[in-house]
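The primary structure of each chain is shown beneath.
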Amino acid sequence: MKKRALFAGALAAPAAAGIWGAVIEPHLFAIRRHTVPILPAGAQSIRMLHVSDLHLAPWQKHRASWVKALTRLEPDVVVNTGDNLSADIVPTVLDVFDGLLDVPGVFVLGSNAFFSPKAKNPATYLRSPSEVKHRTEPDLDVRALIRGFEARDTPTRDTPGQTRGWHFLDNAEASLTIRGTRIDFCGLGDSHIDRDRIRMNADAESRGTDALDYPRFDPDAGVSVGVTHAPYSRTLEALTSAGADLIMTGHTHGGQIRVPFWGAPVTNCDLDRTRARGLFPYRKSLVEISAGLGFSPFSPVRFACRPEVSLVTLVSKK
């Protein structure tokens, strides 16, 4: 009798974990909060909403509704670090973010703005980063997504004279003045598919130094923020060398399946697994990695890693 009970318990535990990871935890959306003291002395605090890795599919109504309601957080600026699609449903994704497009913001693209996910053996993910570099022709309407997020020359509904939309930061820069502080943003394209464009200064390279033509931040800005989808070491090195106070990124899903009391087995890039999510120092910068909201439809599970957005409050230095 005791052996039967032990056997039943041995079967029940993984079954319960499977149900939890596939059915329950993917719907337990969370808001991860950070306070980052990088603003000039006396500056007003700034609330930055960081959204990443939505990976929206047509049937995921609960996730879409939860994201639409994030306007309740009343952010001052929105940072979207990519991978919003799991299918060619750009109008649906734009509807999800419609209310947040009235808030000043920036965005970069991940590989799933260009390419829909493909079925693959999940075990390969544990051995090395997922492989999409051989695909060259997008099968998703990336141009429509960019146009929709930029929403150029479209007036906001509540603020006369202000236009909607976010700045596109793939290998580009933008400045926003938020609550009296100028934030200088520099973005890099998704290094997971080699779309980052890090440019060395030719004269500096000949001298053996690490000066960059891009990314480069304006030293007159109140705060400098780097934005990219995947936190590969080369992008973090470039952004911190350029003088980023804060680097915001996604892609890792926080490991997606974490081992309790141990953490993420992988990051899907060359970053150490202990840095799969959260806020941590990296050389002269701080890095904030969101574990994101979704997953590939071919790996529809999250375990010990709730789907999340980040609310990063910038405050003045002490």
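About the thresholds
- Residues numbered from 1 in each chain as written.
- Predicted model: local features only at pLDDT ≥ 70, side-chain atom pairs only at ≥ 80, totals over all residues.
- Heavy atoms only, no water.
- Helix = DSSP H or I, 4+ residues; strand = E, 2+ residues; numbered from the N terminus.
- Buried < 20%, exposed > 50% of the residue type's maximum accessible area, 1.4 Å probe, protein only.
- Contact = heavy atoms within 4.5 Å.
- Areas by Shrake-Rupley, 256 points an atom, 1.4 Å probe, with all protein chains shown as cover.
- 1 Å grid on protein atoms, 1.4 Å probe; cavity = no way out; pocket = protein on both sides within 12 Å on 5 of 7 lines; lining within 4 Å.
- Points joined across faces, edges and corners; volume = space filled by probe spheres on them.

Caption draft 1: Expanded view of the overall build of the chain. Within the chain, the secondary structure is distributed over 7 helices and 14 strands. For the chain, buried positions account for 51% of its 318 residues. By sequence separation, contacts in the chain at least 24 residues apart represent 72% of the contacts at least 6 residues apart. Here the chain has roughly 15000 Å² of accessible surface; of this, 54% comes from carbon and sulfur atoms.

Caption draft 2: Highlighting unusual backbone geometry. Omega for the peptide link from Tyr-214 to Pro-215 comes to 0°, which places this bond in the cis form. In this fold, Pro-215 is placed in the loop between strand 9 (212-214) and strand 10 (223-228). Of note, the phi angle at Arg-283 is positive, near 50°, even though the residue is not glycine. Within the element layout of this structure, Arg-283 appears in the loop between strand 12 (278-282) and strand 13 (285-289).

Caption draft 3: Broad picture of the layout of surface pockets. The computed volume of the second largest pocket comes to approximately 250 Å³. Lining of the second largest pocket is provided by 14 residues; of these, Thr-163, Arg-164, Gly-165, Trp-166 and His-167 occupy positions nearest its centre. In terms of residue count, the dominant contributor to the lining of the second largest pocket is strand 5 (residues 166-168) (3 residues).

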